[in-house]
Amino acid sequence: MQYTLKVNGKHHSVDVENDTPLLWVLRDELGFKGVKFGCGVAACGACTVHLDGVASRTCVLPVEDAAGLEITTIEGVADGETLSDIQTAWIDHQVPQCGYCQSGMIMAVTALLEEIPNPSDDDIDASITNICRCGSYHRIRKAIHSVAEAREKANV
Amino acid sequence: MSDAKNTPKKKMSRRKFLLATGGVIGGGLVVGFAALTPQHKATQKLIGDKAPLLSSWIKITEDNKVHVIVPHVEMGQGSHTSLPMMAADEMDADWDLVSMEQAPAHAAFANEPLGEGFILGNTDIPDVFAPIINKAFFQIAKGMELQITGGSTAVRFTGQYGMRVAGAAAREMLIKAASESWDIPARELVAEKSFVLHKASGKSASFGELAPTAATYTPNPTPTLKSPDNFTIIGTPKKRFDIPAKVNGTAVYGIDAEVDGMLYGAIRHVPVFDCAITNVDSGAAASMPGVKKVVRLDNAVVVVADKYWRAKKALDQVKISHSDSASCGLSSEDLYRQFADALENGDPELDIDTGDAAAVIDASDDVLTADYRVPFLAHATMEPMNCTVKIEDGKVDIWTGTQTPITAKSIAAKIAGVDINKVTYHPCMLGGGFGRRIHQASDYVAPAVKVAMEVGAPVKLIYSREEDIQQDAYRPALLSRFKAVVSDGGNIDAWHNLYTDKNEPVEAPIIPYAADNNYTGVVRSTSHVPFGPWRSVDHSQHAFFIESFIDELANKSGADPYEFRLEKLQNKPKHRAVLERVAEMAGWHTPAPLGRSRGIALHESFGSIVAEVAEISVNNGDVKVHKVSCAVDCGFPVNPDSARAQVESGIIYGLSAALFGEITIEGGRVIQENFPDYDVVRLAEAPDIQVDFINSGKELGGLGEPATPPIAPAVMNAIFTATGKRIRSLPLNNHSLV
């Protein structure tokens with residue numbers, strides 16, 4: 001089947017079976033390798049991208065459901081060479097270790113902060129359920145709070 | 001160069017230098033090191049000069065940049081940054097001009113003859129070396145010559161004995177180059193921020209300018225190293241080189257390899273480890289869209305297709321029949337019964353037997369006894385196992401994340417029937433290691449090579465998460481049976497610990513506490529479940545056993561668990577200091593906040609002493625770990641923030657196992673499949689973690705593993721304080737606290 005996917009603002013045409021998970025289309029057909037395969041059952045979040053701004057796990061999402069939506073991957077988060085404030089916070093707090101889960105983490109956190117600009121710890125616990133086996137969690141929590149605070153200050 | 005007249009005139013004879021040191025890297029000064037201790041020298045003589053035993057490399061280019069070539073892989077532990085820090089500090093390089101390069105898997109960075117001895121023979125070092133090998137050498141050999149990344153070795157061996165020496169020697173050579181060029185005695189010159197300076201005259205020259213001359217000198221294998229007081233880079237937090245690529249999706253892991261014309265392989269093994277395939281019913285698989293071949297291996301089927309999803313869907317249609325074996329009927333409960341039987345009837349091997357613990361126990365009418373148990377565990381790295389292989393014109397290229405690149409090369413060479421020099425390993429980031437990517441490298445490299453040979457095209461083999469969990473090499477399940485006698489005054493009159501099975505390190509079950517009579521022994525009772533080193537190896541089991549039972553002794557004698565431990569560490573000042581520090585951090589001497597309880601544990605592993613206090617609450621039977629305080633004596637942390645990250649990581653990894661981790665065997669096979677039934681800690685369960693390092697000046701200890709062992713007993717001891725219920729088997733998930 002032919003599908004047109006809009007990824008990070010650009011249109012791409014792909015020819016794949018309709019049940020192919022978006023993950024594999026993004027990685028292997030279109031080369032967005034920052035989107036990672038972790039579990040294949042939407043349990044770990046390594047494959048998280050945004051669909052119309054909503055954080056979505058793509059390892060179980062058929063490509064046909066993504067056609068027509070704005071897809072944003074980790075590769076589309078920075079503005080050219082300029083990292084997003086969340087990516088910068090990830091460096092400031094030295095969050096990643098092996099780093100494999102962090103694309104998905106950053107996508108999940110980016111969506112969270114759009115929805116809840118100043119999330120409580122409970123909000124974070126409820127929203128960010130991605131798995132990191134290196135245990136970078138408490139740095140992630142600190143980085144989220146630091147971005148929220150910086151944004152609030154910038155808006156005052 | 002501030003003074004053009006003083007430009008070094010001498011042309012370096014780089015080729016000669018490079019041959020002398022055995023490495024060809026190209027560009028400027030290259031310092032490599034072999035033979036750093038008498039043991040190394042002796043060993044090097046034995047095996048001949050052409051194979052450097054220990055190589056750490058520094059390159060200086062004309063733009064005054066220092067490139068440190070690191071022989072270890074980066075799996076998140078930060079050694080791609082901490083090792084260059086060690087070299088750069090000894091050089092007095094400007095950190096902003098330092099970069100890191102991953103060493104290729106090559107003889108210049110490893111001793112392949114010795115390495116092959118390990119790989120192709122047995123796991124022991126060849127006998128000929130035995131008389132001259134001490135433990136440190138063995139660790140270096142494992143880390144360097146096989147380029148293994150594991151055992152918490154990178155900083156304490158490669159860094160301490162390789163990087164620092166290479167850096168100090170480079171500094172001497174650069175100063176000598178300036179000294180000869182300016183005709184000023186070396187003692188009047190200093191190195192500072194990548195320049196050599198003569199402060200009296202104001203002369204200065206950059207390392208880059210001096211490098212061509214410096215490269216003509218023979219490096220001093222025993223340069224004077226800095227005293228820690230003079231460190232300017234070591235001990236300061238430096239941002240890791242590998243992190244920027246990990247926040248924008250550009251870091252390349254094994255699974256991201258791209259090769260022209262590449263096909264994809266999906267694999268399913270025979271679920272019972274020691275059984276072979278007897279029949280493969282491909283069903284519709286072979287005729288499904290994009291499928292190139294259904295490849296039958298001895299113990300697995302791989303469907304190869306033009307796209308991974310097509311391969312995976314076709315694999316779902318394949319039915320595998322396998323041979324029968326005695327293990328096919330075994331369950332975890334059967335194995336635990338087998339282990340318990342071994343404790344009753346087995347023939348123990350001694351770890352320690354001081355005094356006569358058995359006699360004291362026999363004579364006492366107040367013996368404390370307890371049986372402890374831990375299950376098998378999988379590693380569950382975030383990046384599932386995978387390997388990409390291209391075979392062309394008698395050459396083999398492999399892309400995979402591995403903690404042992406040269407082992408991977410050796411396996412590929414053997415299967416493809418080519419010389420190891422025809423195999424190129426392309427280093428990739430590892431999406432987690434934790435021991436999974438060490439010993440069993442063959443288990444995901446071998447099938448990829450076989451399949452690439454079968455289909456005559458490059459293949460990327462990817463394990464599903466289910467295969468990753470069910471075809472791991474597992475942390476073994478162990479039992480430990482304790483008996484002890486404690487006097488009224490709280491003295492340990494007798495300590496008796498008999499446990500099942502033993503791998504490494506040998507000291508894992510040894511207690512640091514004073515006991516008048518101590519018997520510690522093992523009975524061998526193994527299973528068909530393959531063994532793999534799992535973050536901290538045997539320490540993860542024994543710290544839980546020992547530190548829980550010590551808590552039982554403290555409770556029995558009515559003592560505070562912290563004070564009880566402290567009293568028994570009179571001859572262990574470093575352990576005492578760590579314990580005292582963690583008590584202070586956790587506020588042990590003040591009551592826990594309302595509704596919360598604390599537990600403490602102490603364990604030494606891989607040269608580092610770690611104590612942890614967990615602060616928990618229990619509500620309606622649910623345990624929440626709020627806070628973990630952790631004190632560490634690892635000598636000194638090289639990159640303090642990155643060291644802290646390793647400790648945080650070790651705690652979370654151990655906490656996942658303590659709370660949820662269990663691999664269950666039924667019908668001889670693993671029944672867990674994926675994260676829903678092999679659950680791990682997520683943000684909601686992750687405690688706040690405070691880490692404090694004690695700079696005791698003791699020799700460097702590792703950091704990748706030592707924080708993992710104490711967390712389970714710290715949490716379970718806190719649960720005892722909260723509920724009075726003693727958790728003697730893991731995971732906690734199996735127990736009801738209501």
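What counts, and where the lines are drawn
- Residues numbered from 1 in each chain as written.
- Chains lettered and ligands numbered in written order.
- Predicted model: local features only at pLDDT ≥ 70, side-chain atom pairs only at ≥ 80, totals over all residues.
- Heavy atoms only, no water.
- Disulfide = S-S within 2.5 Å.
- Buried < 20%, exposed > 50% of the residue type's maximum accessible area, 1.4 Å probe, protein only.
- Salt bridge = Lys/Arg side-chain N within 4 Å of Asp/Glu carboxyl O.
- Helix = DSSP H or I, 4+ residues; strand = E, 2+ residues; numbered from the N terminus.
- Core = buried A, V, L, I, M, F, W, Y, C linked by side-chain atoms within 4.5 Å.
- Domains from an automatic or database assignment.
- Contact = heavy atoms within 4.5 Å.
- Pairing = 2+ DSSP bridges.
- Axes fitted to C-alpha atoms, helices over the stretch in contact; angles between N-to-C directions.
- Expected span 1.5 Å × (residues − 1).
- Buried area = accessible area lost by both parts, 1.4 Å probe.
- Polar contact = N/O pair within 3.5 Å; in protein donor to acceptor, adjacent residues only side chain to side chain.
- Nonpolar A, V, L, I, M, F, W, Y, C, P; charged D, E, K, R; others polar.
- Parallel < 35°, antiparallel > 145°, perpendicular 65-115°, else oblique.
- Left-handed = near helix turned anticlockwise from the far one by under 90°.

Draft legend 1. Representation of the state of the cysteines within the structure. Residues and elements named next belong to chain B. Following the criterion strictly, the structure yields 0 disulfides over all chains and no others. Between C328, a cysteine without a disulfide, and C275, which holds the nearest cysteine sulfur, the sulfur-to-sulfur distance is 3.4 Å. Residue class for C328 comes out buried when judged on its relative accessible area of 16%. Free of any disulfide, C634 has its nearest cysteine sulfur in C630, 10 Å distant.

Draft legend 2. Up close: the pattern of salt bridges. Taken as a whole and judged by the stated rule, the model has 43 salt bridges over all chains. In this structure, K33 of chain A and D28 of chain A form a salt bridge, with 3.3 Å as the shortest nitrogen-oxygen distance. For the pair K33 of chain A and D28 of chain A, a shared accessibility class is recorded, and that class is buried. D125 of chain A is paired through a salt bridge with R141 of chain A; the nearest N and O atoms lie 2.8 Å apart. One end of the pair, D125 of chain A, is in helix 4 (residues 121-127); the other, R141 of chain A, is in helix 5 (residues 137-155), with 16 residues separating them in the sequence. Of the two residues examined, D125 of chain A and R141 of chain A, each falls in the buried class. Here the residues in one salt-bridge network are D89, D92, R171 and K226 of chain B, joined through shared partners.

Draft legend 3. Examining the nonpolar core more closely. If you look at the biggest cluster of nonpolar residues, it comprises 194 residues, and the most contacted ones within it are L5, L22 and W90 of chain A together with W495 and L553 of chain B. Taken domain by domain, this core gets at least three of its residues from each of domain 1 (2-76) and domain 2 (85-155) of chain A. Filtering out sequence-adjacent residues up to four positions away, L553 of chain B remains in contact with L368, A484, V486, I492, W495 and F564 of chain B. Ranked by size, the runner-up nonpolar core spans 40 residues in total, among them A87, F231, I234 and L700 of chain B.

Draft legend 4. Looking closely at the sheet that holds strand 17 (residues 423-426) of chain B. Residues and elements named next belong to chain B. With mixed pairing, the 7 strands of this open sheet are ordered in space as 10-11-8-18-15-16-17. Of all the strands in the sheet, the pair left with one neighbour each is strand 10 (291-296) and strand 17. The average undirected angle you get between the axes of adjacent strands in this sheet is 20°. Across 5 bridges, strand 10 lies against strand 11 (residues 300-305) in antiparallel orientation. Paired with V294 across the two strands is V303, which belongs to strand 11.

Draft legend 5. Examining the environment of N571 of chain B more closely. Take N571 of chain B: it is sitting in the loop between helix 15 (561-567) and helix 16 (573-586). As a C-alpha pair, N571 of chain B and P512 of chain B span 59 residues in sequence and 9.2 Å in three-dimensional space.

Draft legend 6. Structural detail: helix 18 (residues 711-723) of chain B. Residue and element names in this part refer to chain B. If you check helix 18, its first and last C-alpha atoms are 18 Å apart, about what 13 residues at 1.5 Å a residue would give, namely 18 Å. Buried residues dominate helix 18, accounting for 10 of its 13 residues. Buried within helix 18 are the following residues: I711, A712, P713, A714, V715, M716, N717, A718, I719 and F720. Residues of helix 18 that are buried sit in contact with helix 14 (539-556), helix 15, strand 22 (597-605), strand 23 (608-619), strand 24 (622-633) and helix 17 (640-659). Positive phi appears at G724, one or two residues downstream of helix 18, with a value of about 75°.

Draft legend 7. Geometry of the domain arrangement of chain A. Residues and elements named next belong to chain A. What the domain assignment lists for chain A is domain 1 (2-76) and domain 2 (85-155). Each of domain 1 and domain 2 has a C-alpha centre, and the two are 21 Å apart. Of the residues lining the interface, 16 residues belong to domain 1; the matching set on domain 2 comes to 12 residues. Of the roughly 1,100 Å² buried at the junction of domain 1 and domain 2 (both faces included), carbon and sulfur atoms supply 60%. Here domain 1 is connected to domain 2 by 7 residue pairs in polar contact (both at pLDDT 80 or more). With 3 residues, strand 3 (residues 48-51) is the largest single contributor of residues to the side of domain 1 that touches domain 2. Among the residues making up the side of domain 1 that touches domain 2, the classes are represented as 7 nonpolar, 7 polar and 2 charged.

Draft legend 8. Focus on the interface of chain B and chain A. Across the boundary between the two partners, chain B contributes 61 residues, which contact 51 residues of chain A. Summed over both sides, the interface of chain B with chain A buries roughly 4,600 Å², with 57% coming from carbon and sulfur. Counting the surface chain B buries against chain A, the share from its top three residues, V247, M382 and L683 of chain B, is 18%. Linking chain B with chain A are 8 salt bridges. Measuring nitrogen to oxygen at the nearest pair gives 3.0 Å for the salt bridge that ties D256 of chain B to R27 of chain A. In this assembly, chain B and chain A are joined by 36 residue pairs in polar contact (both at pLDDT 80 or more). Of all elements in the fold, only helix 8 (308-316), strand 18 (459-462), helix 13 (465-470), helix 17 and strand 27 (688-693) of chain B reach the threshold of two or more residues within the side of chain B that touches chain A. Of the residues forming the side of chain B that touches chain A, the biggest block, 9 residues, is contributed by helix 17 of chain B.

Draft legend 9. A look at the sheet that holds strand 22 of chain B. All names here are of chain B. The sheet built from 4 strands is open, its strands ordered 22-23-24-27 with mixed pairing. Each edge of the open sheet is held by one strand with a lone partner, namely strand 22 and strand 27. Strand-to-strand, the axes of this sheet are offset by a mean angle of 20°, without reference to chain direction.

Draft legend 10. Focus on the packing of helix 2 (residues 85-92) of chain A against helix 5 of chain A. All names here are of chain A. With their axes 9 Å apart at the nearest point, helix 2 and helix 5 run at an angle of 130° to one another. Relative to helix 5, the element helix 2 lies oblique. Crossing angle aside, the handedness with which helix 2 passes helix 5 is right-handed. Contacts between helix 2 and helix 5 pair D85, I86, A89 and W90 from the former with I140, A143, I144, S146, V147 and R151 from the latter. Looking at side-chain class alone, the contact of helix 2 with helix 5 contains 7 nonpolar, 1 polar and 2 charged residues.

Draft legend 11. Layout of unusual backbone geometry. All names here are of chain B. Of note, the bond from E504 into P505 is cis; its omega dihedral lies within 30 degrees of zero at -15°. The residue P505 is located in the loop between strand 20 (492-500) and strand 21 (517-523) in this model. Between L730 and the following residue, P731, the backbone shows a cis peptide bond with an omega angle of 0°. Relative to the helices and strands, P731 resides in the segment after helix 18. The residue S194 is not glycine, and still its phi comes out positive at about 70°. As for its position among the elements, S194 is in the loop between strand 5 (190-192) and strand 6 (195-198). Since its relative accessible area comes to 0%, S194 is described here as buried. Phi angles above zero are rare outside glycine, and V537 is one such case at about 50°. As for its position among the elements, V537 is in the loop between strand 21 and helix 14.

Draft legend 12. Main features of the packing of helix 5 of chain A against helix 17 of chain B. Their axes nearest at 9 Å, the elements helix 5 of chain A and helix 17 of chain B cross at an angle of 120°. As the angle between them shows, helix 5 of chain A and helix 17 of chain B are arranged oblique. Seen from helix 5 of chain A, the contacting residues are Y137, H138 and R139 of chain A; seen from helix 17 of chain B, they are D641, R644, A645, E648 and I652 of chain B.

Draft legend 13. Molecular detail of the pairing of strand 27 of chain B. All names here are of chain B. What you see with strand 27 is a clean split: I689, V691 and F693 sit on the buried side and D688, Q690 and D692 on the side with no burial. Alignment of strand 24 against strand 27, held across 6 bridges, turns out to be parallel. Counted as the bridge partner of V632 is F693 from strand 27.

Draft legend 14. Structural view of the side chain of H603 of chain B. Residues and elements named next belong to chain B. Structurally, the position occupied by H603 is in strand 22. You can call H603 buried: its relative accessible area is 7%. Polar side-chain contacts of H603 include one of 2.7 Å to the side chain of H539. Excluding residues within four positions of it along the chain, H603 makes contact with A508, H539, A543, S608, I609, V610, P709 and P710.

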